[in-house]
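# Descriptive structure summary
If you want the building blocks of each chain, they are given just below.
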Amino acid sequence: MVVGGALVHRGRVLAARRSAPASVAGRWEFPGGKAEPGETEAQALERELLEELGVRARALTRLPGAWAVRPGLELRFWAAELLSGEPRPLEDHDALRWLGPDELDAVDWIDHDREVLPHVARLLTDTRTSA
């Protein structure tokens, strides 16, 4: 299982530009990574966000959809909230951007991440109207 996190803070979502592997370097994604044995998806996402970005976050809800990354490996996205820290590109990324709902098309997303954008846009809109 691979989890990606739509990390939301103040009505915006964090996008991370990949620095490796070469096949996706320069493209943008929602940060995350592989679940380790015994971890729930939520635990894996929270650990990955700490390792990759240096922030504490809480996984909130799973977003609709699942994508086969390769045989035997499935990608699922979660909404998450920033609890503490300022995100920094510590692993596998060379840049970060906070994007509002009208800016989601401003970066070149990795294909799987692009497919979840309508759900992320709805999440950001709901966050703004409930704030």
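Check the entry above for the structure.
Residues numbered from 1 in each chain as written. Predicted model: local features only at pLDDT ≥ 70, side-chain atom pairs only at ≥ 80, totals over all residues. Heavy atoms only, no water.

### Some thoughts on the side chain of Arg 18
Take Arg 18: it is sitting in strand E2 (residues 12-18). A polar atom in the side chain of Arg 18 sits 2.4 Å from the backbone oxygen of Ala 20. Sequence-distant contacts of Arg 18, defined by excluding residues within four places in its chain, comprise Val 24, Ala 25, Gly 26, Arg 27, Glu 29, Asp 92, His 93, Asp 94 and Ile 110. (Helix = DSSP H or I, 4+ residues; strand = E, 2+ residues; numbered from the N terminus. Polar contact = N/O pair within 3.5 Å; in protein donor to acceptor, adjacent residues only side chain to side chain. Contact = heavy atoms within 4.5 Å.)

### Re the pairing of strand E6 (residues 67-70)
Pairing between E6 and strand E7 (residues 73-84): three bridges, direction antiparallel. Paired with Trp 67 across the two strands is Leu 75, which belongs to E7. Connecting E6 to the antiparallel partner E7 that follows it, the hairpin turn spans two residues, and Gly 72 within it adopts a positive phi of roughly 85°. (Pairing = 2+ DSSP bridges.)

### Concerning the nonpolar core
If you look at the biggest cluster of nonpolar residues, it comprises 23 residues, and the most contacted ones within it are Val 13, Phe 30, Trp 109 and Val 120. Secondary-structure elements contributing two or more residues to this core are strand E1 (2-9), E2, E7, strand E8 (93-99) and helix H3 (117-130). Discounting chain neighbours no more than four positions away, the residues touching Val 13 are Ala 6, Leu 7, Val 8, Phe 30, Arg 97, Trp 98, Leu 99, Leu 104, Val 120 and Leu 124. With 14 residues, the next largest nonpolar core counts Val 3, Leu 7, Leu 14 and Leu 49 among its residues. (Core = buried A, V, L, I, M, F, W, Y, C linked by side-chain atoms within 4.5 Å. Buried < 20%, exposed > 50% of the residue type's maximum accessible area, 1.4 Å probe, protein only.)

### Description of the side chain of Arg 76
Within the secondary structure, Arg 76 is located in strand E7. Leave out the neighbours within four places in its chain, and Arg 76 touches Met 1, Val 2, Val 3, Gly 4, Glu 41, Arg 62, Gly 65 and Ala 66.

### A few points about the environment of Asp 113
Along the chain, Asp 113 falls in helix H2 (residues 111-115). Taking the relative accessible area as the measure of exposure, Asp 113 reaches 4% and is therefore buried. Along the primary structure Asp 113 and Leu 83 are separated by 30 residues, whereas in three dimensions their C-alpha atoms are 23 Å apart. Contacts of Asp 113, omitting those with residues within four sequence positions, involve Glu 29, Phe 30 and Phe 77. Of the polar contacts made by the side chain of Asp 113, one reaches the backbone nitrogen of Phe 30; its length is 2.7 Å.

Everything listed is a geometric property; what it means functionally is a separate question.
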